[in-house]
Amino acid sequence: MNEDESKYLEVIEKFQHCQRNWDLEKTVDDETIDYLLEVGYNVPTKQNLNSFKIVCIKDRDEVLKWARIARNSDDTITNVGENTKQFMDKGGLQNPQTNANLLFLFFVNDKERTSTARRERERGEDPSVKGWRKEKMLEVGLAASAIGIASHMKGLRTGFCGCIWKEIIPEEWTQEWGVHPEDLAVMFGVGYPLHDDHRLHNNGSGGKQSYPNRPYEKIIV
Ligand SMILES: Cc1cc2nc3c(=O)[nH]c(=O)nc-3n(C[C@H](O)[C@H](O)[C@H](O)COP(=O)(O)O)c2cc1C
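A brief look at the structure comes next. (Residues numbered from 1 in each chain as written. Predicted model: local features only at pLDDT ≥ 70, side-chain atom pairs only at ≥ 80, totals over all residues.)

1. Let's talk about the sheet that holds strand β4 (residues 184-191)
Thinking step 1. In space, the four strands of this open sheet follow the order β1-β2-β4-β3, with antiparallel pairing throughout. Sheet topology places β1 (52-57) and β3 (157-161) at the edges, where each strand pairs with a single neighbour. Geometrically, the sheet is characterised by an average inter-axis angle of 20° between neighbouring strands, direction not taken into account.
Thinking step 2. Two elements, β3 and β4, share five bridges in a ladder whose sense is antiparallel. Each bridged residue has a counterpart across the sheet, and for Cys-161 the counterpart in β4 is Met-187.
Thinking step 3. Helix α3 (residues 60-67) rests against β1, β2 (102-108) and β4 of the sheet, and its axis sits at about 55° to β2. (Pairing = 2+ DSSP bridges. Helix = DSSP H or I, 4+ residues; strand = E, 2+ residues; numbered from the N terminus. Axes fitted to C-alpha atoms, helices over the stretch in contact; angles between N-to-C directions. Contact = placed C-beta atoms within 7 Å.)

2. Focus on the nonpolar core
Thinking step 1. Residues Leu-103, Phe-104 and Phe-106 are the most contacted members of the largest nonpolar core, which totals 34 residues.
Thinking step 2. If you tally residues by element for this core, the top one is β2, at seven residues.
Thinking step 3. Discounting chain neighbours no more than four positions away, the residues touching Phe-104 are Ile-54, Cys-56, Ile-147, Phe-188 and Val-190. (Core = buried A, V, L, I, M, F, W, Y, C linked by C-beta atoms within 7 Å. Buried ≥ 20, exposed ≤ 12 C-beta atoms within 10 Å, placed from the backbone.)

3. Comments concerning the site of the ligand
Thinking step 1. In the neighbourhood of the ligand, 13 residues make up the surrounding shell, with Cys-18, Phe-160, Gly-162, Cys-163 and Ser-210 lying closest.
Thinking step 2. Residues that form the shell around the ligand fall into these classes: five nonpolar, six polar and two charged. (Near = placed C-beta within 6 Å. Nonpolar A, V, L, I, M, F, W, Y, C, P; charged D, E, K, R; others polar.)

4. Some words on the environment of Gly-40
Thinking step 1. Inspection of the secondary structure puts Gly-40 in helix α2 (residues 30-40).
Thinking step 2. A count of 23 C-beta atoms within 10 Å places Gly-40 in the buried class.
Thinking step 3. As a C-alpha pair, Gly-40 and Lys-166 span 126 residues in sequence and 23 Å in three-dimensional space.

5. So, the pairing of β4
Thinking step 1. Along β4, seven of the eight residues are buried, which leaves the element largely enclosed by surrounding structure.
Thinking step 2. In this sheet, β4 lies alongside β2 in antiparallel orientation, the contact comprising six bridges. Following the sheet pairing, Leu-102 is matched in β4 by Val-190.

Following this line, the structure appears as structure tokens:
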């Protein structure tokens, strides 16, 4: 592995971790936001369709509003670990990675499913809502990944959150973006770390347990 390759691997290893504390005194500049959106919208998608929409929230109150629904529903809150539950009882967030300087929301773009562009480029019957969503989730992953790596290369940190109480998101929250709450695929915090240890909460207390990588195989044939 040469120097560039080992630096790239270091970036990926940082990207693997979920940043749970943020220096909210700092601001990510608009040029960087524009660059990150450009990165996210230029990943490969099938037939270069508009498979997803990316919303970047920079307004502090708006970020917090979304961070509050990055949690289990009341019905499934029993699945949450004891430490997190205690933290939540004191007003803490279940997924503080979402309360970042920037919060990116990735929505599957259901409008494109029945668009003229899709019909012309892919032909065949319109895909089902379920089938389309399943296929587009992969492309959302590519976009989020590209934004994540670009962020880390600029010294920022990131944290994914797939735990979202979608059922309580009012339709009005997403209306002007032309998407529906149920199409929200993943939330992704991006910003400046407050502590070196990515697991700690902003108040310095221990956050969620970190698990080591499961063993993996490099299969080469
Ligand atoms: C698609 C996706 C969804 C994730 N959702 C959550 C989540 O809901 N809550 C959470 O705490 N971490 C979530 N993570 C973060 C991973 O758990 C984390 O990146 C991994 O455990 C390693 O990081 P760690 O060292 O911080 O544990 C998610 C990661 C990915 C890629």
